[in-house]
There are 2 protein chains.
Amino acid sequence: MDQIDRKIVRALQQDGRITVLDLAEKVGLSPTPCARRLDRLRRDEVITGYSAQVDPEKLGFGVTIFVSVELEKQDRNAIDAFERAILRCDEVMECYLMTGSRDILLRVVARDLTAFDAFLENRLMQIPGIRNLRSNFALRAMVKRDVLPMATG
Amino acid sequence: MDQIDRKIVRALQQDGRITVLDLAEKVGLSPTPCARRLDRLRRDEVITGYSAQVDPEKLGFGVTIFVSVELEKQDRNAIDAFERAILRCDEVMECYLMTGSRDILLRVVARDLTAFDAFLENRLMQIPGIRNLRSNFALRAMVKRDVLPMATG
DNA sequence: ACTGAAAATGACGCGCG
DNA sequence: CGCGCGTCATTTTCAGT
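Now for a description of the structure that goes with this document. The structure presented is a predicted model; accordingly, all values stated were derived computationally and were not measured.

Some remarks on the pattern of salt bridges
Residues and elements named next belong to chain A.
- If you walk through the whole model with that rule in mind, you get 22 salt bridges over all chains.
- In this structure, Asp39 engages Arg42 in a salt bridge whose closest nitrogen and oxygen atoms are separated by 4.0 Å. Within this pair, Asp39 and its partner Arg42 are both found in helix H3 (residues 31-43), separated by 3 residues, close to a single helical turn.
- Residue classification places Asp39 among the partly exposed positions, given a relative accessible area of 40%.
- Of the residues examined, Arg42 reaches a relative accessible area of 41% and is grouped as partly exposed.
- Linked through salt bridges whose partners overlap, the residues forming this network are Asp2, Asp5, Arg37 and Arg40.

Description of the sheet that holds strand S2 (residues 63-71) of chain A
- Taken in spatial order, the 8 strands close into a barrel running S2(A)-S4(A)-S3(A)-S5(B)-S2(B)-S4(B)-S3(B)-S5(A), and their pairing is antiparallel. Averaged over all pairs of adjacent strands, the angle between strand axes in this sheet comes to 35°, irrespective of strand direction.
- Pairing between strand S2 (residues 63-71) of chain B and strand S5 (residues 130-144) of chain B: 8 bridges, direction antiparallel. Within S5 of chain B, the residue paired with Leu71 of chain B across the bridge is Ile130 of chain B.
- The strands touched by helix H4 (residues 76-87) of chain A within the sheet are S2, strand S3 (92-98), strand S4 (104-110) and strand S5 (130-144) of chain A together with S5 of chain B, with S5 of chain B carrying the most contacts at an inclination of about 85°.
- In this fold helix H5 (residues 113-122) of chain A packs onto S2, S3, S4 and S5 of chain A, with an angle of close to 145° to the strand it touches most, S5 of chain A.

Definitions and limits used
- Residues numbered from 1 in each chain as written.
- Chains lettered and ligands numbered in written order.
- Predicted model: local features only at pLDDT ≥ 70, side-chain atom pairs only at ≥ 80, totals over all residues.
- Heavy atoms only, no water.
- Salt bridge = Lys/Arg side-chain N within 4 Å of Asp/Glu carboxyl O.
- Helix = DSSP H or I, 4+ residues; strand = E, 2+ residues; numbered from the N terminus.
- Buried < 20%, exposed > 50% of the residue type's maximum accessible area, 1.4 Å probe, protein only.
- Pairing = 2+ DSSP bridges.
- Axes fitted to C-alpha atoms, helices over the stretch in contact; angles between N-to-C directions.
- Contact = heavy atoms within 4.5 Å.

The quantities given are spatial measurements derived from coordinates; they are silent on function.
Written out as structure tokens, the structure is:
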């Protein structure tokens, strides 16, 4: 992971469909070694995939909700079980295990509040071991970034 | 936005570098009309871009922190000013305007706690109009998804 | 369907550490 | 000495018309 690798990763975060030729020029390499580095970055799982950025509203997901979940038990088994269950919920875009009261933070998308209510009732609250929930609604996203900061190196 | 468009968007979220040929086959179209739809989806900003998915840890960003910010005033001007300021912070990967006490939720990445402290001191707390802050630390990401749920249609 | 461009692959020599 | 770059060439595949 040298400076050129970081440039490659950065360029690909900014434009995931850039060609190897353009990428090579951008980072100051010729195409073949650039492609070799790209292969390595994927093998090492620095780059784990590629994705289109989509406007959720245009797909009908107008609502974003953050849900704090506190589990009854916070041992490994309880957390693993919750994790397996939450992986099956497509509405959950992000899920973080937090410090402190060792609760869990979810970012959930939904079509509207009715759909979110259905998610809570039929999905989230069906998961055993939940002590309590707290939902906070987002009015809008001010920032949604896909490019990590420059690692100082 | 019909069912085929949704399939296209879904496939591109799953693999942002899929070729038009493979995409066409996947959604049951021939390449040319598939490419036309793709152009339209980009023009309509349903698809806003493409990005590589990167493992933050492998780039040295081992720490994720959620920061709740409460502003002194919650009028349009104060929020706009905060938004402009936060856009300049590369460490802020997401920022949501919330309901309730109309505060703001940030997801911040940092190299370590020292770097996060520097961000708080030199960046975030330099923004005027902040009444208070509350930081919550993530132990790890359980789920990080880039594919929106299927819109029922 | 066609044409130009790009990707994937491999071989080879070179230079810098 | 060896790793990584550059160059070149080839074949296959893709994009755009």
